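Residue-level structural notes
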Amino acid sequence: MTEYTIDRLGQLGDGVIDSPSGEIFAPFTLPGERIEGVVEKGRILSSKIIEPVANRIKPACKHFKICGGCSMQHASDELLADWKITKTKEALSQVGLTPEFRPIINSGIGSRRRATFAAKRTKKGSMVGFHGRASDIIVEITECPVSDPALLKGIPAFAKFATLGTSRKAVLRINATVSGKGLDVKIDNGKELSPTEISQFAQICSQYKILRLMWNDDVISQSHPPSQPMGAANVVPPSGAFLQATHTGEAALVETVMEIVSPAKRVVDLFAGCGTFALPIASRSAVHAVEGEVNMISALDAGWRAAGGLHDVRAETRDLFRRPLMPDEFKKVDAIVIDPPRAGAASQVAEIAKTNVTRIAFVSCNPSTFARDASVLCNSGYSLDWVQVIDQFLWNPHIELVAKFTKSN
Ligand SMILES: C[S@@+](CC[C@H](N)C(=O)[O-])C[C@H]1O[C@@H](n2cnc3c(N)ncnc32)[C@H](O)[C@@H]1O
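**Thoughts on the overall build of the protein**
Within the protein, the regular secondary structure consists of 9 helices and 23 strands. Relative to a compact globule of 409 residues, whose C-alpha radius of gyration would be 22 Å, the protein shows 23 Å and is just as compact. Projected onto its principal axes, the C-alpha positions of the protein cover 65 × 65 × 30 Å. Sorting the 409 residues of the protein into buried and exposed places 45% on the buried side. Within the protein, counting contacts between residues at least 6 apart in sequence, those at least 24 apart form 63% of the total.

So, in structure tokens, the structure goes:
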């Protein structure tokens, strides 16, 4: 065993030793810590902490290290906040941008409203859990401090679905979302069900408050529409559709985006999903919401129509990578909201850069593609006024942010 001192955290939150022969990764360690371990293929898989730092805390969950989620439970909130802000600042400074940063906003324990479980049959019955770190092994879970307790109430039902609805080797992929008074559940990899089995599954849904169950590609049980509040509207998202990870994070994102776009008469919301931003904004402004998934845009449109009393919302399905909105289409627009997937929005941002829209609220889940897109905007006359990191992923290296860009005409 050799002794090392951890120099920094890597992109995925592992401790990193910058050794003369290159980087050595040591999971579950923190900068400044002295550790002992054996390097195999550039990693120290089980390190012994000889001298911990003050920022090391007791992990909250008994499945820590084995379960693939929450790999940073050993780090204090302060260390994590500082690391996420520093990572974002570093990405921006690589393109020459040094904006002001607002203090981070966190989602706390018990707030995650969506999770993807894995379940399979076993000799004794079945097991439900999460995949282990970088592995196919399912770690059976009995607690998950980051999740909304309502999510975990579905576990006994998921176990029954696995016992009754899988072949011996299949692993169910269970996407569950907390929705109003129950759960909205989408399951893939299940076997084909007979009519009797379908009615048995519907009974399980009613027992465990599963409002809607999609099994493979079919909704096989729905007692109530699993709606989500979005401003004054209620939206029933397509099964398994993207939603922000926590209610508190979503509320902070919406508030920050509204602060940036207000007051605007006309707003374009790009990569609009089911209306997370478009529908709250529609209480004050007319909105053109654009999204690539037709089912999500239909859900947004139906939610807007049912709400009544909101400003106009024009909902358009469009692939914004291939067919971005062109400068002409922004002529009467006062503000843009853009919230692309991890790949960012290179082709759309290139067109926005040619416009004179005065305010942009840019939401991003990837600091490096955000920095690339921010640099294009700033090279075309926009200024990046500030960045707000909103952390919906406690104990996880994932980063979410909102940024304000302005251009004076
Ligand atoms: C990060 S999500 C944001 C959704 C929404 N703004 C929200 O907060 O709920 C990104 C959205 O972009 C959509 N998307 C992905 N690729 C797209 C494309 N090429 N064109 C249009 N929309 C796309 C996804 O379907 C998803 O709804």
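Moving on from the coordinates now.
**Some remarks on helix H9 (residues 367–378)**
With 12 residues, H9 should cover 16 Å at 1.5 Å per step; its first-to-last C-alpha distance of 16 Å lies within 8% of that length. Residues of H9 that are buried: Pro367, Phe370, Ala371, Asp373, Ala374 and Leu377. Where H9 is buried, its residues touch helix H1 (77–93), helix H8 (346–352), strand E21 (359–364), strand E22 (383–391) and strand E23 (401–406).

**Things to note about the domain arrangement of the protein**
On domain assignment, one finds that the protein holds domain 1 (2–56), domain 2 (81–108 + 243–406) and domain 3 (114–222). Summarising the inter-unit geometry, the C-alpha centres of domain 2 and domain 3 are found 33 Å apart.

**Focus on the site of the ligand**
By nearness alone, 19 residues border the ligand, and Phe271, Gly273, Thr276, Gly292 and Asp339 come closest of all. Looking at the shell around the ligand, its residues break down into 11 nonpolar, 4 polar and 4 charged.

**Some remarks on the sheet that holds strand E5 (residues 34–37)**
Within a sheet, adjacent strands bond to each other through the backbone by hydrogen bonds, running parallel or antiparallel. Strand order in the open sheet formed by 3 strands is E1-E5-E6, with antiparallel pairing between adjacent strands. Each edge of the sheet is formed by a strand with only one pairing partner; in this case those strands are strand E1 (2–5) and strand E6 (48–51). Mean inter-strand twist for the sheet, computed between neighbouring axes without regard to direction, equals 35°.

**Side note on the sheet that holds strand E2 (residues 8–9)**
With antiparallel pairing, 3 strands are arranged side by side in an open sheet as E2-E3-E4. Pairing within the sheet leaves two strands with one partner each, and these edge strands are E2 and strand E4 (22–26). Across 2 bridges, the pairing between E2 and strand E3 (residues 15–19) is antiparallel. In the strand pairing of E3, Leu9 is matched with Gly15.

**Observations regarding unusual backbone geometry**
Trans is the common state for peptide bonds, and a negative phi is the common state for residues other than glycine. Residue Ser262 is joined to Pro263 through a cis peptide bond whose omega torsion reads -5°. Its place among the elements puts Pro263 in the loop between helix H5 (247–261) and strand E17 (266–270). Unusually for a residue other than glycine, Cys70 sits at a positive phi of about 50°. Within the secondary structure, Cys70 is located in the loop between E6 and H1. In this model, Trp395 sits at a positive phi of 60°, which is unusual for a non-glycine residue.

**Brief notes about helix H4 (residues 195–207)**
The end-to-end C-alpha separation of H4 is 19 Å, in line with the 18 Å expected for 13 residues at 1.5 Å each. Phi turns positive one or two residues past the end of H4, at Lys209, with a value near 55°.

**Digging into the packing of helix H3 (residues 155–165) against H4**
With their axes 10 Å apart at the nearest point, H3 and H4 run at an angle of 165° to one another. The orientation of H3 relative to H4 falls into the category roughly antiparallel. In the crossing of H3 with H4, the sense of the turn from one axis to the other is right-handed. In this structure, H3 contributes Ala157, Lys160, Phe161 and Leu164 to the contact, and H4 contributes Glu197, Gln200, Phe201 and Ile204. Taken together, the residues that form the contact of H3 with H4 break down as 5 nonpolar, 1 polar and 2 charged.

**Some details on the nonpolar core**
Val257, Val261, Leu270, Ala278, Leu300 and Ile336 are the most contacted members of the largest nonpolar core, which has 64 residues in total. No other element matches H5, which puts 6 residues into this core. With residues up to four places along the chain from it excluded, the contact list for Val257 reads Phe277, Val337, Ala361, Val363 and Val402. Among the nonpolar cores identified, the runner-up in size contains 50 residues, and Ile17, Met72, Val146 and Ala176 belong to it.

**Considering the packing of H1 against H9**
Here H1 crosses H9 at 35°, and the two axes come no closer than 8 Å. Here H1 and H9 pass one another in a crossing that is right-handed. On H9, the residues that touch Lys87, Thr88, Ala91 and Leu92 of H1 are Pro367, Ser368, Ala371 and Ala374. Of the residues in the contact of H1 with H9, the class split is 5 nonpolar, 2 polar and 1 charged.

Reading the values: the criteria
Residues numbered from 1 in each chain as written. Predicted model: local features only at pLDDT ≥ 70, side-chain atom pairs only at ≥ 80, totals over all residues. Helix = DSSP H or I, 4+ residues; strand = E, 2+ residues; numbered from the N terminus. Rg over C-alpha atoms; globule rule 2.2 N^0.38 Å. Buried ≥ 20, exposed ≤ 12 C-beta atoms within 10 Å, placed from the backbone. Contact = placed C-beta atoms within 7 Å. Expected span 1.5 Å × (residues − 1). Domains from an automatic or database assignment. Near = placed C-beta within 6 Å. Nonpolar A, V, L, I, M, F, W, Y, C, P; charged D, E, K, R; others polar. Pairing = 2+ DSSP bridges. Axes fitted to C-alpha atoms, helices over the stretch in contact; angles between N-to-C directions. Parallel < 35°, antiparallel > 145°, perpendicular 65-115°, else oblique. Left-handed = near helix turned anticlockwise from the far one by under 90°. Core = buried A, V, L, I, M, F, W, Y, C linked by C-beta atoms within 7 Å.

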